[in-house]
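# Inside the fold
What follows is each chain in one-letter form.
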Amino acid sequence: MGSTFSLGNGDALKNPGQKRILNRQMFAIIAPRYAWITRILSFGRDSYWKKALINAIPPCHQPFCLDLACGTGDISRMLLSRFPNACVLGIDICPEMIHLAKQCKSAYRPYYLLSDMQFLPVPDNSFDIITGGYALRNSPDLNALLKVIFQKLKPGGVALFLDFNRPLEETKALKQAKLLRFWTRLWGWIFHQNPEVYGYIAESLALFPNCEDLRQRFESAGFSQYVRWEYLGGFTALIKVTKP
Ligand SMILES: C[S@@+](CC[C@H](N)C(=O)[O-])C[C@H]1O[C@@H](n2cnc3c(N)ncnc32)[C@H](O)[C@@H]1O
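In what follows, the accompanying structure is described. (Residues numbered from 1 in each chain as written. Predicted model: local features only at pLDDT ≥ 70, side-chain atom pairs only at ≥ 80, totals over all residues. Heavy atoms only, no water.)

Surrounding the ligand, one finds 18 residues, the nearest of these being Lys-50, Ala-69, Asp-92, Met-117 and Gly-133. Within the side chain of Asp-92, an N or O atom sits 2.6 Å from an oxygen atom of the ligand. In the environment of the ligand, a nitrogen atom lies 3.4 Å from a nitrogen or oxygen atom belonging to the side chain of Asp-116. Surface burial for the ligand is 97%, taken as the share of its 590 Å² of free accessible area covered by protein chains. Spatially, the ligand is embedded in the largest cavity. Among the residues making up the shell around the ligand, the classes are represented as ten nonpolar, five polar and three charged. (Near = heavy atom within 4 Å. Polar contact = N/O pair within 3.5 Å; in protein donor to acceptor, adjacent residues only side chain to side chain. Areas by Shrake-Rupley, 256 points an atom, 1.4 Å probe, with all protein chains shown as cover. 1 Å grid on protein atoms, 1.4 Å probe; cavity = no way out; pocket = protein on both sides within 12 Å on 5 of 7 lines; lining within 4 Å. Sits in = over half its atoms within 2 Å of the grid points. Nonpolar A, V, L, I, M, F, W, Y, C, P; charged D, E, K, R; others polar.)

See below:
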């Protein structure tokens with residue numbers, strides 16, 4: 001059956017309140033097929049990138065970890081597999097995603113909480129490690145989120161983010177955007193008879209800062225030791241930063 005989800009004329013993604021509502025609606029539709037579609041859209045590379053994120057975390061003894069926009073909990077569980085004595089909290093705005101994360105049959109059992117990543121009900125300087133798989137691009141207000149992440153990390157703590165990448169070079173960015181638009185809309189049509197469901201990825205990426213702008217925003221928020229790795233010819237990137 002076709003879904004009635006619509007991005008409208010795209011302006012909703014520029015408005016934090018409307019973007020929040022759209023995200024919640026869209027991920028509720030996607031949730032039951034999330035694991036499959038992520039594999040398909042990433043050509044099976046998603047779990048490899050997530051492993052790279054986990055492996056890029058420096059050694060840490062009994063860390064407190066926060067996984068932003070945890071979805072069905074892949075990264076939250078991988079944090080526990082890397083740090084068995086850790087305390088891991090996964091948060092997400094979408095109840096359907098949190099429900100699936102809690103249902104997952106795994107030896108690794110993180111805590112989960114329904115929350116907006118920008119309004120975290122936790123004290124400042126709480127976490128040694130903060131992660132986000134496809135979290136930054138989904139944020140209703142990126143600069144505000146970076147500020148919150150900085151506040152919630154302990155001094156010396158690290159934050160790592162995996163997401164689609166917007167290259168600096170405009171011709172490359174346009175070519176990638178076209179390909180991504182085609183690929184995501186195709187699968188939106190196949191799975192939901194609605195190209196806008198996954199077409200959202202390309203639309204939100206078009207409004208996302210390019211890699212250089214993003215680096216500057218991290219630095220303006222106070223982070224240091226910015227490191228970045230690109231995958232799949234620059235379609236996705238992993239970023240690691242530290243709170244001094
Ligand atoms: C593409 S999924 C990523 C899930 C998971 N991190 C992963 O890598 O598989 C993006 C997630 O962001 C969540 N999300 C979107 N906006 C959010 C917000 N403002 N606060 C918290 N979570 C949000 C969605 O509900 C969705 O589960």
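Where helix 7 (residues 170-192) contacts helix 8 (residues 196-206), the two axes come as close as 6 Å, and the packing angle between them is 160°. Taken as axis vectors, helix 7 and helix 8 run roughly antiparallel relative to one another. For the element pair helix 7 and helix 8, the recorded crossing hand is right-handed. The segment helix 7 lies against helix 8, with Ala-177, Leu-180, Arg-181, Thr-184, Arg-185, Trp-187, Gly-188, Phe-191 and His-192 engaging Glu-196, Val-197, Tyr-198, Gly-199, Ile-201, Ala-202, Glu-203 and Leu-205. Partitioned by chemical class, the residues of the contact of helix 7 with helix 8 number nine nonpolar, four polar and four charged. (Axes fitted to C-alpha atoms, helices over the stretch in contact; angles between N-to-C directions. Helix = DSSP H or I, 4+ residues; strand = E, 2+ residues; numbered from the N terminus. Parallel < 35°, antiparallel > 145°, perpendicular 65-115°, else oblique. Left-handed = near helix turned anticlockwise from the far one by under 90°. Contact = heavy atoms within 4.5 Å.)

A few words on the sheet that holds strand 2 (residues 87-92). With respect to topology, seven strands assemble into an open sheet ordered 3-2-1-4-5-7-6, the strand pairing being mixed. Looking along the sheet, the strands with just one partner apiece sit at the ends: strand 3 (111-114) and strand 6 (224-231). Recorded for the sheet is a direction-independent mean angle of 15° between the axes of neighbouring strands. In this structure, strand 5 (residues 153-164) lies alongside strand 7 (residues 236-242), joined through seven bridges in antiparallel fashion. From the neighbouring strand, Leu-162 faces strand 7, where its bridge partner is Leu-238. Against the sheet, helix 5 (residues 95-103) makes contact with strand 2 and strand 3, and its axis sits at roughly 165° relative to strand 3, the strand it touches most. Of the strands in this sheet, strand 1 (64-68), strand 4 (127-133) and strand 5 touch helix 6 (residues 142-152), which is tilted by about 140° from strand 5. (Pairing = 2+ DSSP bridges.)

Moving on, we come to the layout of surface pockets. Considering only enclosed or pocket space, the largest pocket measures out at about 290 Å³ in volume. Along the wall of the largest pocket there are 16 residues; nearest its centre are Ala-35, Arg-39, Lys-50, Thr-72 and Asp-74. Mapped by element, the contributors of at least two residues to the lining of the largest pocket are helix 2 (34-41), helix 3 (46-55) and helix 4 (74-82). When its residues are assigned to classes, the lining of the largest pocket shows six nonpolar, four polar and six charged. (Points joined across faces, edges and corners; volume = space filled by probe spheres on them.)

All right, on to unusual backbone geometry then. In the Ramachandran plot, Ala-69 falls in the positive-phi region, its phi being about 50° despite a non-glycine side chain. By the secondary structure assignment, Ala-69 is in the loop between strand 1 and helix 4. Although it is not a glycine, Asn-125 sits at a positive phi angle of roughly 55°. Considering the arrangement of structural elements, one finds Asn-125 in the loop between strand 3 and strand 4. The class for Asn-125 is partly exposed, based on a relative accessible area of 43%. (Buried < 20%, exposed > 50% of the residue type's maximum accessible area, 1.4 Å probe, protein only.)

Residues Leu-68, Leu-136, Ile-149 and Phe-218 are the most contacted members of the largest nonpolar core, which totals 68 residues. A total of seven residues in this core trace back to one element, the largest contributor, which is strand 5. Sequence-distant contacts of Phe-218, that is, excluding residues within four places in its chain, are made with Leu-136, Leu-146, Phe-161, Phe-223, Tyr-226, Ile-239 and Val-241. (Core = buried A, V, L, I, M, F, W, Y, C linked by side-chain atoms within 4.5 Å.)

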